[in-house]
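Close look at the chain arrangement
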Amino acid sequence: MHTSTSDPETATEHDPCEQRELIGDRGDYFLNRIQGETGVNVSACYQCERCTNACPISQFMDIKPHQIIRYVQLGWRIRLLKSSTIWICLSCEMCTTYCPNEVDVAEIINHLRMMAASSSIAPKEKSLAVFHQTFLEELIKSGRVNEFRLMRAYYSKPDILHEKIKNGTFKQELQLAMTLFRKGRLKLSAPKSKAVKEIQKAYSQTRGEII
Amino acid sequence: MKLSFYPGCSLEGMANDYCESIYAVFKTLGIDLVEIEDWSCCGATAAHSLSEIMSVILPARNLAAAEKMGLDIICPCSLCFNRLRFSQKMIKKKIFHIPWQVTGDIRVLDMTRFLAKPSIIQLIKQCILKPLDSLKVVCYYGCQMVRPPKITGYADYENPQTLDRISAAAGARVLDWSYKSTCCGASIGIGRREIVEFLSKRILQKSRQAGAEAIVVSCPLCQSNLDIVQKDRSDTPTPIFYVTELLRLSFKDKGNPKWFKMHVADPVPVLKAKGLL
Ligand code: SF4
Ligand code: SF4
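Throughout, residues of each chain are indexed from 1 in the direction in which the sequence is written. As they are written, the chains are lettered A onward and the ligands numbered 1 onward, keeping that order. Residue-level local features of this predicted model are given only where pLDDT is at least 70; pairs of side-chain atoms are given and counted only at 80 or more, and the full residue set underlies all totals for whole chains, interfaces and linings. The side-chain figures draw on all heavy atoms in the structure; neither hydrogens nor water molecules are used.

1. A closer look at the overall build of chain B
Under the DSSP-based scheme used, a helix requires at least four consecutive residues in state H or I and a strand at least two consecutive residues in state E, with every element numbered from the N terminus. Regarding its fold elements, chain B presents 13 helices and eight strands. Radius of gyration here uses only the C-alpha atoms, and the compact-globule reference equals 2.2 Å multiplied by the residue count raised to the power 0.38. Against the 2.2 N^0.38 benchmark of 19 Å for 277 residues, chain B shows a C-alpha radius of gyration of 18 Å, consistent with a compact globule. Counting only C-alpha atoms, chain B reaches 55 × 45 × 35 Å along its principal axes. Each residue is assigned to one of three classes by its accessible area relative to the maximum for its type, calculated with a 1.4 Å probe on protein chains only: buried under 20%, partly exposed between the two thresholds, exposed over 50%. A buried classification covers 64% of the 277 residues belonging to chain B. Contact definition: two residues touch when any of their heavy atoms are within 4.5 Å. Counted over contacts in chain B with a minimum sequence separation of 6, partners at least 24 positions apart contribute 75%. For the accessible areas, the method is Shrake-Rupley and the probe is 1.4 Å, while residue cover comes only from the protein chains on display. For chain B, the accessible area works out to roughly 10,100 Å², and carbon and sulfur atoms hold 51% of it. Note on charges: Lys and Arg go in the positive column, Asp and Glu in the negative column, and His and the chain ends are not counted at all. Where a charge lies is defined by one atom per residue type: Lys uses NZ, Arg uses CZ, Asp uses CG and Glu uses CD. Between the mean site of the 36 positive side-chain charges and the mean site of the 26 negative ones, chain B shows a separation of 3 Å.

2. Some words on the site of ligand 2
Being near a molecule or strand, for a residue, comes down to having at least one heavy atom within 4 Å of it. Residues in close proximity to ligand 2 total 14 residues, the closest being Cys55, Cys89, Cys92, Glu93 and Cys95 of chain A. A breakdown of the residues in the shell around ligand 2 according to their chemical character gives 12 nonpolar, one polar and one charged. Charged means Asp, Glu, Lys or Arg here, nonpolar means Ala, Val, Leu, Ile, Met, Phe, Trp, Tyr, Cys or Pro, and polar covers whatever is left, Gly included.

3. Comments concerning the packing of helix H13 (residues 196–206) of chain A against helix H3 (residues 52–69) of chain B
Throughout, an axis means a line fitted to C-alpha atoms (over the contacting stretch in the case of helices), and angles, computed between N-to-C directions, take values from 0 to 180 degrees. Where H13 of chain A contacts H3 of chain B, the axes come no closer than 11 Å and their chain directions differ by 160°. Considering their axes alone, H13 of chain A and H3 of chain B lie roughly antiparallel with respect to each other. For the crossing formed where H13 of chain A meets H3 of chain B, the hand is right-handed. Across the interface between the two elements, Glu198, Ile199, Ala202, Tyr203 and Thr206 of chain A of H13 of chain A pack against Ile53, Met54, Ile57, Leu58 and Arg61 of chain B of H3 of chain B. Residue classes in the contact of H13 of chain A with H3 of chain B are distributed as seven nonpolar, one polar and two charged. Roughly parallel means an angle under 35 degrees; roughly antiparallel, over 145; roughly perpendicular, 65 to 115; everything else is oblique. Should the near helix be turned anticlockwise from the far one by less than a right angle, the crossing is termed left-handed; should it be turned clockwise, right-handed.

4. Digging into the domain arrangement of chain B
Residues and elements named next belong to chain B. When its domains are assigned, chain B resolves into domain 1 (2–112) and domain 2 (128–273). Segmentation of the chain into domains, including their bounds, is taken from an automatic or database domain assignment. Measuring from the centre of the C-alpha atoms in domain 1 to the corresponding centre in domain 2 gives 23 Å. Of the residues lining the interface, 27 residues belong to domain 1; the matching set on domain 2 comes to 29 residues. The buried area of a pairing is the accessible area, by a 1.4 Å probe, that goes missing from both parts when the two are put together, added over both. Surface buried jointly by domain 1 and domain 2 totals about 2,200 Å² across both partners, of which 64% is contributed by carbon and sulfur atoms. When the buried surface of domain 1 facing domain 2 is broken down by residue, Asp17, Ser78 and Thr112 rank first, second and third, together holding 26% of it.

5. A short note on the domain arrangement of chain A
The domain architecture assigned to chain A consists of domain 1 (29–117) and domain 2 (126–210). For domain 1 of chain A versus domain 2 of chain A, the distance between C-alpha centres works out to 28 Å.

6. Points about the sheet that holds strand E3 (residues 73–75) of chain B
All names here are of chain B. Strands pair, by our definition, only if DSSP identifies at least two bridges between them. Taking strand neighbours across the sheet as the criterion, the four strands line up as E2-E1-E3-E4 in an open arrangement whose pairing is parallel. Each edge of the sheet is formed by a strand with only one pairing partner; in this case those strands are strand E2 (32–35) and strand E4 (108–110). If you compare each strand with its neighbour and ignore which way they point, the axes differ by 40° on average. When strand E1 (residues 2–5) meets E3, the two strands line up parallel, connected through two bridges. Residue Phe5 lies in a different strand from E3, and its bridge partner there is Ile74. Relative to E4, helix H4 (residues 78–93) is tilted by about 155°, and along the sheet it contacts E3 and E4.

7. Quick look at the site of ligand 1
Close contacts around ligand 1 come from 13 residues, with Cys45, Cys48, Glu49, Cys51 and Cys99 of chain A the closest. Residue composition of the shell around ligand 1, by class: eight nonpolar, three polar and two charged.

8. Observations concerning the interface of chain A and chain B
Facing 54 residues of chain A, the contacting portion of chain B comprises 59 residues. Between chain A and chain B lies a buried interface of about 5,000 Å² when both sides are counted; carbon and sulfur atoms form 63% of it. The term salt bridge refers to a side-chain nitrogen of Lys or Arg lying within 4 Å of a carboxyl oxygen of Asp or Glu. Run the count over chain A and chain B and you get five salt bridges. Between Lys150 of chain B and Glu102 of chain A there is a salt bridge, with its nearest N and O atoms 3.6 Å apart. Pairs of N or O atoms are called polar contacts if they sit within 3.5 Å, as long as, within protein, a hydrogen donor faces a hydrogen acceptor (for residues adjacent in sequence, only side-chain-to-side-chain pairs). Put simply, chain A and chain B have 20 residue pairs in polar contact (both at pLDDT 80 or more) between them. Elements with a minimum of two residues in the side of chain A that touches chain B: helix H6 (85–88), helix H7 (94–98), helix H8 (105–117), helix H9 (126–142), helix H10 (147–155), helix H12 (169–182) and H13 of chain A. Considering each element in turn, the side of chain A that touches chain B owes the most residues, nine residues, to H9 of chain A.

9. Overview of the pattern of salt bridges
Residues and elements named next belong to chain B. The tally for this structure, following the rule as stated, stands at 22 salt bridges over all chains. Its salt-bridge partner being Asp110, residue Arg113 comes within 3.6 Å of it at the nearest N-O pair. For Asp110, a relative accessible area of 3% puts it in the buried group. The residue Lys201 makes a salt bridge to Glu197 at a minimum N-O spacing of 3.8 Å.

10. A few points about the packing of aromatic side chains
Each aromatic ring pair is summarised here by two numbers: the centre-to-centre distance and the angle between the ring planes. Geometry of aromatic contacts follows a simple scheme: Phe, Tyr and Trp rings, the Trp one being its six-membered ring, pair when their centres are within 6.5 Å, and the pair is stacked under 30 degrees between planes, edge-to-face over 60, tilted otherwise. This model, assessed by the stated rule, comprises 13 aromatic pairs over all chains. Ring centres 5.8 Å apart and planes at 45° place the aromatic pair Tyr154 of chain A and Tyr155 of chain A in the tilted group. Judged by relative accessible area, Tyr154 of chain A falls into the buried class, the value being 0%. An aromatic cluster is built from Phe131, Phe135, Tyr154, Tyr155 and Phe170 of chain A, whose rings are joined through pairwise contacts. Geometry around Trp76 of chain A places Arg79 of chain A over its ring, the cationic atom sitting 4.4 Å from the centre. By the criterion adopted, a ring carries a charge over it if an Arg CZ or a Lys NZ lies within 6 Å of its centre and within 35 degrees of its normal. Seen from the ring of Trp39 of chain B, Arg144 of chain A lies directly overhead, with NZ or CZ sitting 3.6 Å from the centre.

11. Topic: helix H9 (residues 193–209) of chain B
Helical geometry: 3.6 residues make up each α-helical turn, so side chains three or four residues apart lie on a common side. All names here are of chain B. How far a helix is expected to stretch is found by multiplying one less than its residue total by 1.5 Å. With 17 residues, H9 should reach 24 Å at 1.5 Å per residue; the first-to-last C-alpha distance of 24 Å fits that figure. Considered for burial, the residues of H9 that qualify are Ile195, Val196, Leu199, Ser200, Ile203, Leu204 and Ser207. Down the axis of H9, the sector holding all buried residues measures 155°, keeping them to one side. A positive phi of about 95° marks Gly211, the residue just after H9. The directions considered for the arc are those from the helix axis to the C-beta atoms.

12. Here's the deal with the confidence of the model for chain B
Per-residue confidence for chain B gives a mean pLDDT of 91; residues scoring 70 or more make up 98%. Reported confidences for the modelled complex are a pTM of 0.91 and an ipTM of 0.91. pLDDT expresses, on a scale from 0 to 100, how confident the predictor is about each individual residue.

Laid out in structure tokens, this is it:
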């Protein structure tokens with residue numbers, strides 16, 4: 001029998017024996033937590049892979065949708081939160097719609113994304129994670145989101161501009177912005193919603209601030 | 001008839017041409033749209049991805065405002081529609097504290113479903129001056145308008161029909177195809193451009209294989225993805241029309257012809273060739 005002592009959660013190399021290792025020492029704590037928080041019956045999955053077959057971008061994923069569900073059953077929290085899948089999933093709901101057992105796969109992935117966002121684990125797809133964060137910040141600032149201001153704020157985030165220049169997408173995006181501006185589709189400003197104060201208050205309350 | 005209107009942030013920015021065409025079409029149909037006073041963003045993918053409670057209370061604020069007006073909501077953006085419906089469902093479960101007074105009883109309609117009602121189709125037919133019968137189109141619905149059916153209420157989520165019916169009423173030849181509700185990539189292009197290009201190019205290619213000369217959409221994000229991906233093409237572009245733009249063409253109220261110029265995939269060559277301009 002295989003007797004490795006390494007933690008299966010943190011194992012990075014894909015040693016098949018390592019992967020076969022069973023649930024971590026917290027038992028099915030993680031599975032129960034996810035099922036309790038989402039109301040999704042993860043245990044109902046019988047690995048038919050229909051979700052993965054329905055998914056339009058499974059070839060871009062490091063952990064496929066049906067594997068996500070399996071890993072939740074096994075309690076492999078860190079491996080899940082470190083994955084790129086939880087950030088690139090489009091929430092297109094194909095998986096959920098076609099699962100024969102009504103496992104809400106998209107909701108599980110979205111929930112893992114929220115968990116990752118509030119964990120200490122660095123997101124694998126940083127540019128996407130930062131984008132969501134910037135969007136929310138812009139929303140809280142003015143009640144509505146203007147594309148131009150959003151992109152400006154996004155590019156001023158640490159490392160984003162640098163990374164975009166490095167991988168060559170910056171030039172493309174700048175050209176695109178110019179085209180859209182010429183076509184009258186890029187508005188440089190938008191009216192604020194008068195509700196900003198209310199929204200800011202609600203937002204800080206959700207984060208546990210009293211006033 | 002009077003309805004409250006939730007435009008959403010896109011229709012104030014990138015899709016301002018869409019907004020203009022909606023007002024024009026509803027005016028022709030004689031239906032009053034009252035913009036929800038002081039509406040705010042629905043939270044879109046960001047709130048959905050990062051904070052469950054925000055994804056419920058942000059749309060709830062707009063539901064509350066519409067309830068005060070006592071008018072059903074018409075929502076042209078698929079994502080906003082999905083988020084409003086989701087929030088409504090969560091409000092009814094009464095597990096979150098919502099800082100606004102809201103019951104969730106008001107009806108939230110996606111615009112296409114409203115326009116596809118038999119009575120409205122009749123109304124549309126009466127307004128047609130120049131049927132588009134030489135134009136072959138396919139209708140593209142995307143994800144958020146139809147899925148998940150438990151939220152959107154679409155029973156025919158595999159083969160939705162609302163856009164098909166409206167386009168047919170405008171006299172276009174609506175073709176069948178299998179990519180009606182395959183994802184276009186949404187906002188993933190921000191971090192992973194190759195994914196959005198892979199998905200959008202495939203949809204375009206399939207529409208051409210079906211024989212379509214144009215694609216009809218109702219979601220601002222789908223429109224911009226399918227439109228922008230044609231940026232560097234040299235052959236005849238496939239224009240991506242908002243459904244209300246298509247109606248407008250057949251209503252003969254083309255409005256300010258400036259809206260043609262706002263498309264990246266220029267609709268003029270196709271429309272000229274078809275004698276529709
Ligand atoms: S479709 Fe459902 S049952 Fe099948 S593998 Fe996916 S989650 Fe499991
Ligand atoms: S919601 Fe995510 S995992 Fe599910 S089919 Fe869509 S992209 Fe794939």
